[in-house]
Amino acid sequence: MEYRLLGRSGLKISTVTMGTMTFGGKGWAKMVGDLGVSEARRLVDLCLDAGVNLIDTADVYSAGVSEEILGEVLGGKRKNGVLIATKARFPMGDGPNDAGSSRQHLIAACEASLKRMKTDVIDLYQLHEWDGQTPLEETMEALDTLVHQGKVRYVGCSNFSGWHIMKALGISERDKRQRFVSQQIHYTLEARDAEYELLPVSIDQGLGVLVWSPLAGGLLSGKHRRNQAAPEGTRQFAGWTEPPIRDENRLWNIVETLVAIAESRSVSAAQVALAWLIGRKAVTSVIIGGRTEAPFKDNLAAAELKLTEEERRRLDDVSLPPVIYPYWHQLNTASVRLSEADMELFAPHLKK
C-alpha cells in the first residue's frame, strides 16, 4: 500500500480508503447495504490488514447508524494509527437547524458524531455539501473552532464547485482560519467533469482529493454490460440512480475498454478503473465499499496495479470529456502559457 500526503498537510493516507455507506441499512441507505457490527468488523479488519489507514463515513449514512457501528468496531484499533473521516451538512432531524453548515449545526453535529463513534477526535471533518444560505465566514469559523477545541484535526469539503472552494480558501486566508486540506469528489472514467475545475483547483491550491464512488456505483465493475439487465444484488438493480448517465453508448464503450484491458492483464475491470484513478496526479485516495469480502479484496488489489502508458491512453481516448467554454478558447489561444494545474484538463487534448 502506498501512502500519500493529504494536500498541504503532513498527514499521510493510504491510496485506498474504506467507505462505510453499507453499514447500518437504515432509510435510503438500505439499498446500498445493511451490514451489522460483526459483518462490518470482518471488512474493517480486511482493509486494515491490507494497509488501509483511513476509514470514511458520514453522519447521514443510515441516520448515524454507520458511525455507531464504526465506533463499535474500532475500539482499541484507534491506537494503531487508524484515521477516521466523517462528514456533516445533511438533515439529521426535523428541526429548522438540524441541517446546513451553520455554527449551530456543525458544532452540534460534530459532537454527536464523536459520541456515536466513541472517540475524542475526528481526523478529517468534511462539509458534505455546499450550503448557499450560511455565510462562509460563519462556516469556516465553526470549523476553526472545532480544530482549536481539539475535536477535529483537519477539515475538508465535498461536492463543492471550483468557485465555492476558492471563496472558502480566500476567507480562511483572510481571517486566518483553518483551511481545507482536501475535497471529496465524484470522479470516474465515466464522469470526468472534475477535470474542468476541481482537479486544477486541487493542484493549484494544494488540496488532497478523495474520490467517492470511484466505480460509478458499480457501473465500471465489469458486472454491467451493454444490452443486459442490471445483475441482481447490485445498486442499479435496487434502484440506485447515481451517477446520472448522459450518454449510455459512451458508458458501454468505456466498460468494454476496461474489460479488454482487464482480460489482457488477468485482473478485474474494477481494478483497472481504480488503478486509472490512483494514477491520476491530483488524486490522493479512492474510497471503496461493499457488502462482502469479495469486492473489497478485489478493489484493494488495485493499489498494486500499475497501468502502462498505452493502457492509460486507451482509457483516456474512450472517455475524454469535451472541452467546454472558456476552456476551448484557452486551448485555441493560450496553449503556450498554461500552468501545471491547467494541464490537468488540457494535456490529453494537446497530445491530440
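Below is a summary of the structure that appears in this document. (Residues numbered from 1 in each chain as written. Predicted model: local features only at pLDDT ≥ 70, side-chain atom pairs only at ≥ 80, totals over all residues. Heavy atoms only, no water.)

Focus: unusual backbone geometry
No. 1: With omega at 5°, the peptide bond leading from Y325 into P326 counts as cis.
No. 2: Inspection of the secondary structure puts P326 in the loop between α10 (309–319) and α11 (327–333).
No. 3: With phi around 65°, N159 is a residue other than glycine that occupies positive phi space.
No. 4: Note that N159 resides in the loop between β7 (152–158) and α5 (162–175).
No. 5: For N159, a relative accessible area of 28% gives the class partly exposed. (Helix = DSSP H or I, 4+ residues; strand = E, 2+ residues; numbered from the N terminus. Buried < 20%, exposed > 50% of the residue type's maximum accessible area, 1.4 Å probe, protein only.)

Quick notes on the pattern of salt bridges
No. 1: Counted according to the given criterion, the structure contains 22 salt bridges.
No. 2: Note that K118 is salt-bridged to E72, the shortest N-O span being 2.4 Å. Here K118 is found in the loop between α3 (103–117) and β6 (122–127), whereas its partner E72 is found in helix α2 (residues 65–74), with 46 residues between them in sequence.
No. 3: According to the relative accessible area criterion, K118 is exposed, its value standing at 56%. (Salt bridge = Lys/Arg side-chain N within 4 Å of Asp/Glu carboxyl O.)

Concerning the pairing of strand β5 (residues 83–88)
No. 1: Along β5, 6 of the 6 residues are buried, which leaves the element largely enclosed by surrounding structure.
No. 2: Where burial is concerned, the two faces of β5 agree: the one with L83, A85 and K87 and the one with I84, T86 and A88 are both buried.
No. 3: Sheet topology places β5 next to β6; 4 bridges connect them, and they run parallel. Along β6, the bridge assignment pairs A85 with L124.
No. 4: At this point the chain moves from β5, through α3, to the parallel β6, and the crossover so formed is right-handed. (Pairing = 2+ DSSP bridges. Right-handed = clockwise from strand over helix to strand, strands pointing away.)

Observations regarding the packing of aromatic side chains
No. 1: Evaluated as defined, the whole model comprises 8 aromatic pairs.
No. 2: Summarising the aromatic geometry, the rings of W28 and Y61 are spaced 6.5 Å apart at their centres and angled 80° between planes, so their arrangement reads as edge-to-face. Highlighted residues: W28 in the loop between β3 (16–19) and α1 (37–49) and Y61 in the loop between β4 (54–56) and α2, separated in sequence by 33 residues.
No. 3: With a centroid separation of 5.4 Å and an interplanar angle of 90°, the aromatic rings of W130 and F160 are classed as edge-to-face. Placement of the pair is W130 in the loop between β6 and α4 (136–148) and F160 in the loop between β7 and α5, with a sequence separation of 30 residues. For the pair W130 and F160, one class covers both residues: buried.
No. 4: Taken together, the aromatic side chains of W130, F160, W163 and F180 make up a single cluster linked through ring pairs. (Phe/Tyr/Trp six-rings, centres within 6.5 Å; stacked < 30°, edge-to-face > 60°.)

Quick word on the nonpolar core
No. 1: Judged by nonpolar contacts, the single largest core of 85 residues is most densely connected at M18, Y125, F180, Y187, L220 and L258.
No. 2: With 9 residues, the single largest contributor to this core is helix α8 (residues 269–278).
No. 3: Residues within four places of M18 in sequence aside, it is in contact with F23, L43, V44, C47, V52, L54, I55, D56, I287, I288 and F296. (Core = buried A, V, L, I, M, F, W, Y, C linked by side-chain atoms within 4.5 Å. Contact = heavy atoms within 4.5 Å.)

As for the sheet that holds β3
No. 1: Strand order in the closed barrel formed by 8 strands is β3-β4-β5-β6-β7-β8-β9-β10, and the pairing between neighbours is parallel. The sheet shows a mean angle of 30° between the axes of neighbouring strands, direction not considered.
No. 2: Looking at chain direction, β6 and β7 are connected through 5 bridges and run parallel. Bridge pairing links L124 to Y154 in β7.
No. 3: Its contacts with the sheet put α3 on β5, β6 and β7, and the angle it makes with β6 is roughly 140°. (Axes fitted to C-alpha atoms, helices over the stretch in contact; angles between N-to-C directions.)

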